[in-house]
Amino acid sequence: MSLRYGARSRPATMVSTWLNDLDGAPYGISGGTVTTYVDSGTTYKVCTFTSSGLLTVSDSGTAAVLLVGGGGAGGAGVSGMRGGGGGGAAVMYGASIALSPGTYSITVGAGATADHAQPSAAGSSTTALSQAATGGGGGGFQSNGGAGANGGGAGGVSNTGGTGTAPTASGYTVYGGNDGGNGGTSPYHAEGGGGGANGAGATTGGGDVPGGAGGVGKQIDADGNNYYWAGGGGGSGYTGPAAGGVGGIGGGGGGGTYAGAGGAGGTSAINAGGAGQGEENDGSRGGGAGGTSAINSGGAGQNAAGGRTGGAGGANSGSGGGGATGGTTPTDSGGNGGSGIVIVRIAL
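Residues numbered from 1 in each chain as written. Predicted model: local features only at pLDDT ≥ 70, side-chain atom pairs only at ≥ 80, totals over all residues. Heavy atoms only, no water.

1. A word on the sheet that holds strand S10 (residues 173-175)
Okay, step 1: As summarised here, the arrangement of the 6 strands in space is S2-S3-S13-S5-S6-S10, forming an open sheet in which the pairing is antiparallel. The open sheet is flanked by strand S2 (33-39) and S10, the only strands paired with a single partner. In this sheet, adjacent strand axes meet at a mean angle of 20° when their direction is disregarded. (Pairing = 2+ DSSP bridges. Helix = DSSP H or I, 4+ residues; strand = E, 2+ residues; numbered from the N terminus. Axes fitted to C-alpha atoms, helices over the stretch in contact; angles between N-to-C directions.)

Structure representation (structure tokens):
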């Protein structure tokens, strides 16, 4: 759909000013990082907020608006105990939102910092234009997954994934409400993946199986890049060759594991998720590769003895962090959740 912002006449004396506007000067909206792109003959101006700031609107009109909250952190792993993946945040998209002249406060939600809580912390809400995109739930650590816009995966035998509850917003389509995956069954088990904006986290079974994959994010083209947003974090694996769960597409962090390969980070995001770590106690097994297909790809998992941490959710993707698998030290943490974002776009 071609969105036309605040149509107004441009007499010949204004042509040079209009051309300067296309080169980056404020025109209609300003704030954040300003870019332009052309699609099917229409030029679009985009204001992207990767951190909190002010949106200035100079004319009445309509705009496409994307809000993504902060992702939940992955669950911890301590002395053989494992964590579930963090949930992705809520994603809100309005194709034609009416704006009036004025200055509007934009608050970009932080991704949750991983801790050893049961469950780990939830992401923060992103607020803009009187709307709030809520954060994803934290991954469980020997507990049920945390509730959020999309639930965190469970950590521990037969525990339950967190409940996903999507917010509501007039004029926006909201993506969320997906649950985290459940924990595996005795005696040996992996952990559940976090829910993503467009799908639930995967549940694992018993035995030497990989961690649950993070739920998929939602693909929305708000800035000409057609990224996915708010993937769930992968759950941790158990032992042997079992891998950590892969992060959900859209930037979810990969899960750690005891002896297999760490789960790969979710791809096709503004910043792909980091991979989980995975190696024997002697460091002989490497972590999984970082996610790709992003502005900045996720880093590869480290190969350091005793560490099996989850990968972080991609920055500004709203994705969940991966769950950790506890090794010989009590310091293995789940991955941090990815921060949120706000994008406002007009057609010139």
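2. Structural notes on the confidence of the model for the protein chain
Okay, step 1: Residues at a pLDDT of 70 or more form 76% of the protein chain, whose mean pLDDT is 81.
Okay, step 2: Contacts from residues 1-27, a stretch scored under 50 in pLDDT, to residues over four places away or in other chains number 44 contacts.
Okay, step 3: Below a pLDDT of 50 lies the segment residues 280-304, which in the model reaches 82 contacts outside its immediate sequence neighbourhood of four places, other chains included. (pLDDT = per-residue confidence, 0-100. Contact = heavy atoms within 4.5 Å.)

3. Let's talk about the nonpolar core
Okay, step 1: Core analysis: the largest hydrophobic core is formed by 24 residues, its most contacted members being Leu55, Val65, Leu67, Tyr172 and Val344.
Okay, step 2: For valine 65, the contacting residues outside a window of four places in its chain are Met92, Tyr93, Gly94, Ile97, Leu129, Tyr172, Ile343 and Val344.
Okay, step 3: Within the second largest apolar cluster, 19 residues are counted, among which are Ala197, Ala230, Ile341 and Ala347. (Core = buried A, V, L, I, M, F, W, Y, C linked by side-chain atoms within 4.5 Å. Buried < 20%, exposed > 50% of the residue type's maximum accessible area, 1.4 Å probe, protein only.)

4. With respect to unusual backbone geometry
Okay, step 1: Of note, the amide linkage connecting glutamine 118 to proline 119 takes the cis form, showing an omega dihedral of 0°.
Okay, step 2: With respect to the element layout, proline 119 can be found in the loop between strand S7 (102-106) and strand S8 (126-128).
Okay, step 3: If you check the backbone angles, asparagine 226 has positive phi at about 60° while not being a glycine.
Okay, step 4: Here asparagine 226 shows up in the loop between strand S11 (218-219) and strand S12 (228-229).
Okay, step 5: Look at asparagine 226 and you get partly exposed, because its relative accessible area is 36%.
Okay, step 6: We note that alanine 230 has phi near 65°; this positive angle belongs to a residue other than glycine.
Okay, step 7: When you line up the elements, alanine 230 lands in the loop between S12 and strand S13 (341-347).

5. Brief notes about the packing of aromatic side chains
Okay, step 1: Tallied over the entire structure, the rule returns 2 aromatic pairs.
Okay, step 2: Considering the side-chain rings of tyrosine 37 and tyrosine 44, the 5.2 Å spacing of their centres and the 25° angle between planes classify their relative orientation as stacked. Judged on exposure class, the residue tyrosine 37 and its partner tyrosine 44 are both buried.
Okay, step 3: The positively charged end of arginine 345 is found above the aromatic ring belonging to tyrosine 44, 5.1 Å away from the centroid. (Phe/Tyr/Trp six-rings, centres within 6.5 Å; stacked < 30°, edge-to-face > 60°. Lys NZ or Arg CZ within 6 Å of the ring centre and 35° of its normal.)

6. Quick look at the sheet that holds strand S4 (residues 53-57)
Okay, step 1: Strand order in this open sheet of 3 strands is S1-S4-S7, and the pairing throughout is antiparallel. Looking at the sheet topology across the chains shown, the edges are occupied by strand S1 (29-30) and S7.
Okay, step 2: Where S4 lies against S7, 5 bridges are found, and the strand directions are antiparallel. Bridge pairing in S7 places threonine 56 opposite threonine 103.

7. Concerning the pairing of strand S3 (residues 42-49)
Okay, step 1: Where burial is concerned, most of S3 is hidden: 7 out of the 8 residues are buried.
Okay, step 2: Both S2 and S3 contribute to a ladder of 7 bridges, which runs antiparallel. Residue pairing in the sheet places aspartate 39 in a bridge with threonine 42 of S3.
Okay, step 3: Between S2 and the antiparallel strand that follows it, S3, lie 2 residues; serine 40 among them carries a positive phi value of about 55°.

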